[in-house]
Structure formats: structure tokens, C-alpha cells
2 protein chains.
Amino acid sequence: MSRGSDGSVLLLSGGAGGARLAAGFADLLPADKLTIAVNTGDDFVHLGLPISPDVDSVVYWLAGILDEQRGWGRAGETWAFMEALTSLGGPSWFRLGDKDLAMHVERRRWLENGETLSEVTSRLSLALGITCPIVPMSDQPVATRLDTDEGLLDFQDYFVARQARPNVRNVLLEGLETAQPAPALVAALQDENLDTVIIGPSNPFVSIGPIRAVLDRAKLRPSCPVIAVSPLFGGKAVKGPTVAMMQTMIGEVSNAALARHYAGWIDALVIDAADARDEPSLEALGLKVLATPTLMSTASDRRRLAAEVLAFARNL
Amino acid sequence: MSRGSDGSVLLLSGGAGGARLAAGFADLLPADKLTIAVNTGDDFVHLGLPISPDVDSVVYWLAGILDEQRGWGRAGETWAFMEALTSLGGPSWFRLGDKDLAMHVERRRWLENGETLSEVTSRLSLALGITCPIVPMSDQPVATRLDTDEGLLDFQDYFVARQARPNVRNVLLEGLETAQPAPALVAALQDENLDTVIIGPSNPFVSIGPIRAVLDRAKLRPSCPVIAVSPLFGGKAVKGPTVAMMQTMIGEVSNAALARHYAGWIDALVIDAADARDEPSLEALGLKVLATPTLMSTASDRRRLAAEVLAFARNL
């Protein structure tokens, strides 16, 4: 296992914080030193189109076309389709921009043509000028379903239609038993030049959880250090259901609870500077800790954090 | 069979001239006195979406949202989807506007839901405020294929991708043998109040031909007078392959050739004022003839022509 500065990085990511950090790493590292494996548990079929929200967020971030203000979808997006659809009586709860729609239509076309989701993602990434491999966690569908106090909900029904309001008691992964990690994810993990696995600051349960579950089921474990970047900032998350889910799923919203949740999997944790006081208790759990500003509002924030995580990883 | 001024009208239409005349009739007649039966031979599946170009043209005309300048698609259309699709390497030969796309996505959703094309067309028409029934000729697919000097071509491949340049020797209708006329078309033809069937100024071979073939196969014949409106103006057509196809399919571009083509089916022919000299030869074929300006550039042209055809029909 190489530990030189030339080793490779595998980043596990969801669609929000992890995708921002992915953009930071893609700015820093050559394409052959970085693989980004992305959650597909949120994937679903809508209006006959296969939607991969987290994969698309990473793709749009790396292509430099994500709407940074909104945090999802394409910059300069227009909504003529959506308005026309609504006036025809079509469903409006999941918003598909005119440009974004092209991604799903093309994905559908190539999947129909017999390509795997990995192949389609490579193809569409390349068309957008992305050279770094973006790998869906699996080419087989694994659907995140949430056991909530309003019943069992599909992920998008919970996350978009109900705006993540129901309390989540458990996360189920439909299709997990037959899903394999995508070939490029297996290859990245088995690459002898792999230096570090980084778990992005994504939701531990619905973004990172499915990726970990797919790897666990395949009995694949990183043989290099694993560093998680905490999604918490002063005990809160930027947005999304991370805080609420930590509360209901593991009973506590803290970096220590996150560390226990990732126990046996991670060697180090990157926490926000505002949570620096957590450092001793995390070190007591046997973890290396880096406390640094982790909020990524600008491209420069993303690059700086990526660079610090990388330097931290290479000193482990 | 009623011949009072309260009788009903059935208009057979393609997507261009016939659709313009349909808009004229819809302006004149109450919704319960007019049925518009539309060719579906041009229908095809593109990017996984069921496209019904002629039906949509009639729908857009009657909803008052067709782009009159362009002659197809929606007014104020935008093309963000198309541009994004092209930049992803997707097919650009068939242009789908952002708003238009909503129609095909909704059509797909309801067809998938088990509705017939007739039911979906009613539903989408109603959503756009159209009360007059627009009826696809059949709920079963009938695909127009063209035997050309460049081989056997699908309709859109001939019409859009090759811009109607190949010489057409014959028109084949795939699926005709199992297609039934749509229930509302059968009902309109069997309605004892039906006064007149009007064949719109559409292409006789690829727009009207498929409707006639479906009716012929079902042994359905109008029991009221049938009036065709010629698509020729001074021996030429506004646009499209009508002239070229008359030349290669029936050897002559003239109202007399058109009358022979429709022989046994029509009782009267409406021709353009510029072709008034054709009147005696057409009357010699046993037809009643009305010569009047038939070019429909404005809403007022469309209403005037519809009113004249209607008055002519009621005096037959």
C-alpha cells in the first residue's frame, strides 16, 4: 500500500455536502488519483425517467454547472416544462428543470440500450467535460425506504413531497440483497495505490449508509485509513434531515454519536472548528481528529477543506 | 339524416392545412356539432415518449397556443431541454420544445396508466380548455412507412430527418390489419345528426390516407355528403411533400388527379380561387365544386373558409 503523496483517494458521497467536497477534491487531484462513489439509494423513476439525484449533483458540481445558491439542479435552469406539465394536470411535487430533464432522458435512453448505470454515468460525465470517475455505488437498484411515524415511505416521498418532516425510525434498503458494488468502486477499493477513503459530510444514514451497506454485503473493506468528514457544524447541519435523523436513529446529535455510528469503519474524523471541544472525547474513542472550518460556501472553501483533509490523511 | 343547419360536422385532418381549418370550424361551431378525427400514422416513440404530431397540432391550434409562424409546436416555446440534450450527445434531429415535452410526458404517463390514446387526448385537450372532441383515428398504432428510392423509411425519418426529399413510391400502413377506428370516430360517423364529412386540406397520402384506410378496413362509410378541401393553390401546395408525392404516387399534380384519387369517396371538392379554371373538368367527374380562396394565413381566413365550406355543404 502506497502512502506517498501520489496515492489515490476514494470519496464516498451523497448529493449535498459530500458533493461539494467532491468538487474541492476534483479541483486538487488529477483525474486518475480520485474516484467518487455516489449513493444511489435516492434513485427513483419519475414520469418514466430514471432519476439519480445524488449522482447528478456530483456530476453537476464537477462540471461546474450546479446551481450553488439552490444547492441542486443546474445553474441558469428554466422551468417551462414544469409549468406546462402542471397546466396539463401533471405531477408537480418533484421539480425537473428543462436542462436537467435532458440528463434523465439521456440516462433512460442508454439504460434502455443495455448500458449499466456506471457506463451511462461515465458517458454523461464525459459529455460534460468531467474526466474524474464518478461511480454510482451499484449498477443494481437499491431503494432507500424509510420507516417513519407516518408509515413506510419511499425516499423522495419522504424527502421532497413531505419535506423530511416525518420522524425516521429506521432505514431500509430494498434490493440490497442482490446488489453488487459497481465494478469501478470495487476496483478503486482494491487499487494498491489507494491511500485514503474519505467519507464526505453527507447524511450518515441515507447517503453514506447505503454505500456502506453495499460494501459490507460484498465483504469489501478499505485496507487504507478511512476518514469521515462530519456533516455537523456547532452541533447542527447545513440543511436536510441529518440532525433529525441522528436524534431519532441514534438518540444524540453530536460528533461523538457520529463516531460511534461509524465505529469499526473510520480511523479519523474531520470536525468543524466550532466543535473543536469535541476533540478529546473523539480521541478517547481512538480516532485521529482534525478540527477546521468545514462549511463550504465558496469554491475556495471547498478546495481549502479538500487540501486540509488530504494533508491530514497523508500524515495519519 | 338531418340536413338542417343544426347538423354535425366530422372533419378529417392531418397536422398542417387540416389543423388550420379545424381551428376555423372550432371557432364557428358549438363543441357538440363538431368532431375532428386526426391522423396518427405519423405517431412514433422518441426518447421513450409517445409523440402524436398531428393530434398535437390540432390540439395546439384549438387551444390557441400553436406557433402560427412556425406552423408546428407551441407559441413562445423555449429550447433549453433540446440544447442540453444535444450537449450530452443526445439526438437532435427531432426538435422537442420544453413546453411541448410536457404533452408527451403526460401522454406517456396516462397511456402507461392504461388509458387509450382517445382518452388521453380528451384529458389533455380538456386541460387546455378545448371542449370540441379531437379524436385520434385509432387507439391502436398504425405506422406510416414509405417505400422510397432510398429504401423503406419510417415517416419521421422521411419527413423530418430527410426533410421529405426521397421520392415516395408507395405508402405502407404497419398495424392497419389490427387497428380499429377510435370509438368516438365510429360514433361520429354513425350519428344520425351527421350532416357532412369534410376532408381537410391535408396530404392525401400520409395524412388523409391512413384515416381512410382505417375506416375502409372497418367497412365504415359516411352516409352523408363528403367534401374534400384541396391542399393545392394554383397547382402548388403551401409546404410539405404533397406536390412531390402527387407526382410520384399518382403521376400528376392537379385537382383532377386529386378528385380521381378520392373517387368514390367524395361528393364535392373545394378548390382555391386560383384554380377556378379546373371547375368544369371536376364537374365532369360528377363533383360539386366550390372555388374560393383557401389559403389560411390568419384566424379570419380560417373562419371565412370554414363558413364557406359549411354553407356549401348545407346547399349540397
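Residues numbered from 1 in each chain as written. Chains lettered and ligands numbered in written order. Predicted model: local features only at pLDDT ≥ 70, side-chain atom pairs only at ≥ 80, totals over all residues. Heavy atoms only, no water.

### Points about the overall build of chain A
Here is step 1 of the chain: In terms of helices and strands, chain A carries twelve helices and 14 strands.
Here is step 2 of the chain: Looking at chain A residue by residue over its 316 residues, the buried ones come to 57%.
Here is step 3 of the chain: Sequence separation of at least 24 residues holds for 67% of the intrachain contacts in chain A that already meet a minimum separation of 6.
Here is step 4 of the chain: Averaged over its 28 positive side-chain charges, chain A has a centre that lies 2 Å from the centre of its 38 negative ones. (Helix = DSSP H or I, 4+ residues; strand = E, 2+ residues; numbered from the N terminus. Buried < 20%, exposed > 50% of the residue type's maximum accessible area, 1.4 Å probe, protein only. Contact = heavy atoms within 4.5 Å. Lys, Arg positive; Asp, Glu negative; His and termini not counted. Charge placed at Lys NZ, Arg CZ, Asp CG, Glu CD.)

### So, the interface of chain B and chain A
Here is step 1 of the chain: Counting from both sides, the interface comprises 25 residues of chain B and, opposite them, 25 residues of chain A.
Here is step 2 of the chain: In this assembly, chain B packs against chain A so that about 2100 Å² is buried in total across both faces, 73% of it on carbon and sulfur atoms.
Here is step 3 of the chain: Summed over the shared surface of chain B and chain A, the result is zero salt bridges.
Here is step 4 of the chain: For the side of chain B that touches chain A, the element with the most residues is helix H4 (residues 98-112) of chain B, which contributes nine residues.
Here is step 5 of the chain: Of the residues contributing to the side of chain B that touches chain A, the split by class is 14 nonpolar, five polar and six charged. (Buried area = accessible area lost by both parts, 1.4 Å probe. Salt bridge = Lys/Arg side-chain N within 4 Å of Asp/Glu carboxyl O. Nonpolar A, V, L, I, M, F, W, Y, C, P; charged D, E, K, R; others polar.)

### Side note on helix H8 (residues 204-217) of chain A
Residues and elements named next belong to chain A.
Here is step 1 of the chain: Roughly 30° is the biggest bend found in H8, and it falls at Pro210.
Here is step 2 of the chain: The buried count for H8 comes to eleven of 14 residues, which makes it a mostly enclosed element.
Here is step 3 of the chain: Among all positions in H8, only Pro204, Phe205, Val206, Ser207, Ile208, Pro210, Ile211, Arg212, Ala213, Val214 and Leu215 are buried.
Here is step 4 of the chain: N-capping of H8 is provided by Asn203, with a side-chain oxygen placed 2.8 Å from the backbone N of Phe205.
Here is step 5 of the chain: A positive phi of about 55° marks Lys219, the residue just after H8. (Bend = angle between axes of the 7 residues up to and from the residue. Polar contact = N/O pair within 3.5 Å; in protein donor to acceptor, adjacent residues only side chain to side chain.)

### Regarding the relation of the copies chain B and chain A
Here is step 1 of the chain: With an RMSD of 0.0 Å, the operation that places chain B on chain A is a rotation of 180° combined with a shift of 0.0 Å along the axis. Given the turn and translation reported, the copies of this chain are related as if by a two-fold rotation axis. No C-alpha of chain B lies nearer the rotation axis than that of Asp98(B), which sits 3.1 Å from it.
Here is step 2 of the chain: Take the interface residues of chain B: 100% of them recur as interface residues in chain A, which is what a same-surface contact looks like. (Least-squares fit on C-alpha atoms with pLDDT ≥ 70 in both.)

### Here we look at helix H7 (residues 183-190) of chain B
All names here are of chain B.
Here is step 1 of the chain: For H7, the set of buried residues is Leu185, Ala188 and Leu189. Along the axis of H7, the buried positions cluster into a sector of 95°, meaning they face one direction only. Opposite the buried face of H7, by more than 90 degrees, sit the exposed residues Pro183 and Gln190.
Here is step 2 of the chain: The inward-facing, buried residues of H7 abut strand E1 (8-13), strand E2 (34-38), strand E5 (134-136), strand E9 (194-199) and helix H8 (204-217). (Arc of directions from axis to C-beta.)

### A few points about the pairing of strand E7 (residues 151-154) of chain A
Residue and element names in this part refer to chain A.
Here is step 1 of the chain: In this sheet, E7 lies alongside strand E6 (residues 143-148) in antiparallel orientation, the contact comprising four bridges. In the strand pairing of E7, Thr148 is matched with Gly151.
Here is step 2 of the chain: Following E6, the chain reverses through two residues before pairing antiparallel with E7. (Pairing = 2+ DSSP bridges.)

### Some words on the packing of aromatic side chains
All names here are of chain A.
Here is step 1 of the chain: With the rule as written, the count across this model stands at 14 aromatic pairs over all chains.
Here is step 2 of the chain: Aromatic pair Phe44 and Trp93: ring centres 6.1 Å apart, planes at 45°, arrangement tilted. In this pair, Phe44 sits in strand E3 (residues 44-46) while Trp93 sits in the loop between helix H3 (80-87) and helix H4 (98-112), placing the two residues 49 residues apart along the sequence.
Here is step 3 of the chain: When the ring of Trp72 is compared with that of Trp79, the centres are 6.1 Å apart and the planes differ by 70°; the resulting orientation is edge-to-face.
Here is step 4 of the chain: You can call Trp79 buried: its relative accessible area is 18%.
Here is step 5 of the chain: Site record: aromatic cluster; members linked through ring pairs are Phe44, Trp93 and Phe94.
Here is step 6 of the chain: Taking the ring centre of Trp72 as reference, the NZ or CZ of Arg70 above it sits at 4.8 Å. (Phe/Tyr/Trp six-rings, centres within 6.5 Å; stacked < 30°, edge-to-face > 60°. Lys NZ or Arg CZ within 6 Å of the ring centre and 35° of its normal.)

### Some points on the sheet that holds strand E13 (residues 268-272) of chain B
Residues and elements named next belong to chain B.
Here is step 1 of the chain: Read from one edge of the open sheet, seven strands run E5-E2-E1-E9-E10-E13-E14, paired in parallel fashion. Edge positions in the open sheet fall to E5 and strand E14 (288-292), since each of these has one partner strand only. On average, each strand axis in the sheet is tilted by 20° relative to the strand beside it, whichever way the strands run.
Here is step 2 of the chain: The sheet contacts of H8 involve E1, E2 and E9, and relative to E1 the element is tilted by about 120°.
Here is step 3 of the chain: Most of the contacts of helix H12 (residues 299-314) go to E14, to which it runs at about 155°, and overall it touches E1, E9, strand E10 (226-229), E13 and E14. (Axes fitted to C-alpha atoms, helices over the stretch in contact; angles between N-to-C directions.)

### Here we look at the environment of Met245(A)
Here is step 1 of the chain: Within the fold, Met245(A) resides in helix H9 (residues 242-250).
Here is step 2 of the chain: Between the C-alpha atoms of Met245(A) and Pro50(A), which are 195 residues apart in sequence, the distance is 26 Å.

### Re the sheet that holds strand E8 (residues 168-174) of chain A
Residues and elements named next belong to chain A.
Here is step 1 of the chain: The antiparallel open sheet is built from three strands, whose spatial order is E7-E6-E8. Looking at strand neighbours, the two that pair on one side only are E7 and E8, the edges of this open sheet. Neighbour to neighbour, the strand axes of the sheet diverge by 25° on average, direction disregarded.
Here is step 2 of the chain: As paired elements, E6 and E8 share six bridges and run antiparallel to each other. What sits directly across from Leu146, in E8, is Val171.
Here is step 3 of the chain: Set on the sheet, H8 makes contact with E6 and E8; between it and E8 the angle comes to about 40°.
Here is step 4 of the chain: Along the sheet, H9 contacts E6 and E8; its crossing angle with E8, the most-contacted strand, is approximately 95°.

### Let's talk about the side chain of Thr294(A)
All names here are of chain A.
Here is step 1 of the chain: Along the chain, the position of Thr294 falls in the loop between strand E14 (288-292) and helix H12 (299-314).
Here is step 2 of the chain: On the accessibility criterion, Thr294 (2% relative accessible area) is buried.
Here is step 3 of the chain: Setting aside its immediate chain neighbours within four residues, Thr294 contacts Leu232, Phe233, Val270, Ile271, Asp272 and Leu305.

### Points about the nonpolar core
Here is step 1 of the chain: Phe25(A), Leu62(A), Phe81(A), Phe25(B), Leu62(B) and Phe81(B) are the most contacted members of the largest nonpolar core, which totals 109 residues.
Here is step 2 of the chain: With residues up to four places along the chain from it excluded, the contact list for Leu62(A) reads Ala22(A), Ala23(A), Ala26(A), Ile36(A), Ile130(A), Cys132(A) and Ile134(A). (Core = buried A, V, L, I, M, F, W, Y, C linked by side-chain atoms within 4.5 Å.)

### A short note on the confidence of the model for chain A
Here is step 1 of the chain: On average, residues of chain A score 95 in pLDDT, and 98% of them reach the 70 mark or higher.
Here is step 2 of the chain: Taken over the whole predicted complex, pTM reads 0.93, whereas the ipTM for its chain interfaces reads 0.93. (pLDDT = per-residue confidence, 0-100.)

### Describing the environment of Leu215(A)
All names here are of chain A.
Here is step 1 of the chain: Examined against the element boundaries, Leu215 turns out to sit in helix H8.
Here is step 2 of the chain: Here Leu215 falls in the buried class, since its relative accessible area comes to 2%.
Here is step 3 of the chain: Expressed as a C-alpha distance, the spacing of Leu215 and Val186, which sit 29 residues apart in the sequence, is 8.6 Å.
Here is step 4 of the chain: Excluding residues that lie within four positions of it along the chain, Leu215 makes contacts with Pro181, Leu185, Leu189, Leu220 and Trp265.

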